[in-house]
Amino acid sequence: MDKKDVEKAALKAGKKIIDHTPEPVKEKVEEKVKKKAKEKFVEKTEGKLQEKANEASEKLQETKEKNAQKVHGKGEDAKEKLQDVLLSVKDKLSDVKEAGENFQEKVSSSDDKEKSKNKRKIKGANQIKKATDIKSSTKIKSSNDIKSSTDLKTMGS
């Protein structure tokens with residue numbers, strides 16, 4: 001027999017006993033039965049509530065652990081992706097730097113070649129005459145100042 005069958009049989013037996021008992025005893029028994037039923041109901045209800053609270057707590061803990069693992073895993077993935085991106089940016093920047101240096105070398109070497117060719121043609125700032133360096137009309141030699149062949153010294157003299 002099942003537990004439920006036993007309970008039903010006990011309930012039927014209890015009802016028959018109550019029907020055959022005297023009224024003052026019935027009232028006392030009824031009060032005690034109500035009191036016991038109330039206590040049993042409270043115990044069962046508390047037990048079920050505690051059980052459900054424990055189950056909910058366990059599920060919450062499991063969910064919390066799963067989420068922590070997911071977050072940690074995604075954090076690691078994000079970290080790896082960021083490192084990959086930074087490395088690729090570093091490589092690209094080094095390529096750009098190298099290309100810039102090569103370009104600078106080419107420009108400076110071509111400038112050097114042009115400067116050596118054009119060095120004689122272009123005067124520097126110190127080679128340009130100033131207004132004070134230009135001869136005035138008083139400094140121009142006249143025909144009297146020009147030396148003649150007689151004024152030239154010979155080797156023997």
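First, a word on scope: everything that follows refers to the structure included in this document. All of these numbers come straight from a predicted model, not from anything done at the bench.

### Focus on the overall build of the protein
Looking only at helices and strands, the protein features 2 helices and 0 strands. Looking at the 157 residues of the protein, the share that counts as buried comes to 0%. Just so you have it, the protein exposes about 16,100 Å², and 56% of that area is on carbon and sulfur atoms.

### Thoughts on a positive patch on the surface
On the surface, Lys-3, Lys-28, Lys-32, Lys-35, Lys-36, Lys-40, Lys-44, Lys-48 and Lys-52 cluster together into a patch of positive charge. It is helix H2 (residues 23–118) that provides the largest number of residues to the positive patch, a total of 8 residues. By secondary structure assignment, the location of Lys-28 is in helix H2.

### Some thoughts on a nonpolar patch on the surface
On the surface, a nonpolar cluster with roughly 280 Å² of combined accessible area is contributed by Ile-18, Val-25, Val-29 and Val-33. Residue classification places Val-33 among the partly exposed positions, given a relative accessible area of 46%.

### So, a negative patch on the surface
A contiguous patch of negative charge, built from Glu-51, Glu-55, Glu-58, Glu-62 and Glu-65, is present on the exposed surface. In this structure, Glu-55 sits in helix H2. Owing to a relative accessible area of 38%, Glu-55 belongs among the partly exposed residues under this scheme.

### Brief notes about helix H1 (residues 3–20)
Count 3.6 residues to each turn of an α-helix, and residues three or four apart come out pointing the same way. Its 18 residues place the ends of H1 26 Å apart at the C-alpha level, agreeing with the 26 Å of an ideal helix rising 1.5 Å per residue. For H1, the tally of buried residues reaches only 0 of 18 residues, placing the bulk of the element at the surface.

What counts, and at which threshold
Residues numbered from 1 in each chain as written. Predicted model: local features only at pLDDT ≥ 70, side-chain atom pairs only at ≥ 80, totals over all residues. Heavy atoms only, no water. Helix = DSSP H or I, 4+ residues; strand = E, 2+ residues; numbered from the N terminus. Buried < 20%, exposed > 50% of the residue type's maximum accessible area, 1.4 Å probe, protein only. Areas by Shrake-Rupley, 256 points an atom, 1.4 Å probe, with all protein chains shown as cover. Patch = residues over 30% accessible without salt bridge, like charges linked within 9 Å, V, L, I, M, F, W, Y side chains within 5 Å. Salt bridge = Lys/Arg side-chain N within 4 Å of Asp/Glu carboxyl O. Lys, Arg positive; Asp, Glu negative; His and termini not counted. Charge placed at Lys NZ, Arg CZ, Asp CG, Glu CD. Expected span 1.5 Å × (residues − 1).

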